[in-house]
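Architecture and fold: a report
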Amino acid sequence: MSNTGIFAEFIGRKVNRVRWKPDDLMASTMFVTGSWDNEDDNVIELWGLTSEDENSAKDFPPKLLDSVQQNGNVTQIRFLDNKFVAVSTDNGTVKVYRVIGENEDSNIHLEEVMAWDNLHSLGKGQRCSCKDLAVCNFSLATIGDDYKLNVISLNTKQIHQVLEGISSSPLTCICFLTDTEVLCCNALSQMKLWDLRVAKSSITANINNFTQTQVPITCVAQHPSQKHFIFTGSEEGDVGVWDMRTNSLLTTMNSGDASSLTEIAFHPLEPDHLFTCSFGGRLLQWSSKKSYMCHVDPGDLEYSNFWVNTDKVKTRLSINDVIQPIYMPINSLDIQKQQLICGADNEAIYFQRNLKL
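Figured I'd write up the structure that's included with this text. (Residues numbered from 1 in each chain as written. Predicted model: local features only at pLDDT ≥ 70, side-chain atom pairs only at ≥ 80, totals over all residues. Heavy atoms only, no water.)

In this section: empty space enclosed by the protein. Throughout the structure, instances matching the rule amount to 1 cavity of 30 Å³ or more. Considered as a void within the structure, the largest cavity measures approximately 30 Å³ in volume. Lining of the largest cavity is provided by Ile 166, Ser 167, Leu 171, Cys 184, Cys 185, Asn 186 and Lys 192. A per-element tally of the lining of the largest cavity places strand E15 (residues 181-186) first, with 3 residues. A breakdown of the residues in the lining of the largest cavity according to their chemical character gives 4 nonpolar, 2 polar and 1 charged. (1 Å grid on protein atoms, 1.4 Å probe; cavity = no way out; pocket = protein on both sides within 12 Å on 5 of 7 lines; lining within 4 Å. Points joined across faces, edges and corners; volume = space filled by probe spheres on them. Helix = DSSP H or I, 4+ residues; strand = E, 2+ residues; numbered from the N terminus. Nonpolar A, V, L, I, M, F, W, Y, C, P; charged D, E, K, R; others polar.)

Across the 6 residues that make up strand E6 (residues 74-79), a large majority, 5, are buried. Counting the residues that bridge the hairpin from E6 to strand E7 (residues 84-89) gives 4 residues. (Buried < 20%, exposed > 50% of the residue type's maximum accessible area, 1.4 Å probe, protein only. Pairing = 2+ DSSP bridges.)

One pass over the structure, following the stated rule, counts 5 aromatic pairs. Each ring, one from Trp 20 and one from Phe 351, has its centre 5.9 Å from the other, and the planes form 70°; the classification is edge-to-face. With a gap of 331 residues between them, Trp 20 in strand E2 (residues 15-20) and Phe 351 in strand E28 (residues 348-352) connect regions that are remote in the sequence. In this pair, the class of Trp 20 matches that of Phe 351, namely buried. A ring pair is formed by Phe 231 and Phe 266, whose centres lie 4.7 Å apart and whose planes are at 90°; its orientation type is edge-to-face. Of this pair, Phe 231 sits in strand E19 (residues 229-234) while Phe 266 sits in strand E22 (residues 261-266); the two residues are 35 residues apart in sequence, bridging distant segments of the chain. (Phe/Tyr/Trp six-rings, centres within 6.5 Å; stacked < 30°, edge-to-face > 60°.)

The values reported here are purely geometric and, on their own, carry no functional implication.
Set out below in C-alpha cells:
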C-alpha cells in the first residue's frame, strides 16, 4: 500500500477508538488507541511517529510509547487539549490522562490525573456502559446505559449536573452544540437538546426524525464552521443533515453501503470533506465536486455551504473509498491536517499521510 500513501500496522488488539494528539502548528506525531473485546486485557496505548525524513513513510510502523490497562472495553477517547485526554469504558468509568515527557527523548507516558469510577450504574453496585463522552472547554458530558446524562466540571473535578431518565430508548451518542447545550441521540432516531443553564427537568428541544423510520442514530458530528448544522450516521448507513435552528432534518445521503456507520467526522479545516467508517469495513470520503463550488457566489455563505443545498447535494456529491474495504468493522477514524488514521476489528491501524482534498 505504500505507493498510495496508505500504511497499515497490525497491533494485536481490536481497535475501538483512535485519536490524534492535537498539534496546532505541525502535523501531529502522536496518537492514542483504545481496545475492546479482549476479555480483561483492554488498554489505551500512546503511539509515536518517529521518522525525521519528510519524504519517508513518516513513521509506520509507529513506536509504542505507553500502554495503560483499562477495566473494560474502551468506548470513547477525546482529547481535552494537547496534553489531556479523556477515556470512557463499558464499566461506567471515565478517566483523564496527561501526556508526560513529550519534549524528552524517552519515557513519554500517560499519567492518570482524574477518575470517576461509578459514573454510570444500574444501582446496587451494578455498573453499566458509558456509551459516549463529549468535551467542550472545561466541561465533560457522558451518557450511559442507565439513561443518564452527567456533566462534569474539569476545573473542580466535580459532577456538576446529573439528568436521569433522559430517553425512552438506549442512548447512542452525544455532542456539545454550544458551551451550555448538549445534544443526545438514541436508538429511535431521536435527538434531545439539553440546556444546562436551566432546571434539570427542562429540555430545550425534542427532535424526531420526520421519516418515522426509527433507525438508530449511531454517531454524530458538528459542522466545523457552521455550528448549527449537525450530521448523524445511522444503523442503515445513511448520513442525516440537521438544522438545529429549526430542529429539522434537511436531507439524508447514502453511499450505497447499508452497514451501520461507526463514526463520522469532518476535515477540521476543509469542511466540504466528510469522512465516515462503517461496520461493513469501509472508510469513505464524501466531498463536494470542485466544479460545483467554482460556480457558487463566495459572498453567499448560506448557499456556499454545500451540505445544506438539498437540491444539489445528492447530484454533486463525490464518495470515494480512502482505503480498500477490509470487510471487518472499522470502528473509528480521526483527521489532523492532511493525516487520517483509523482502527478496526482486524487488529490493525491504517494511516493515510496525504489526504486528497
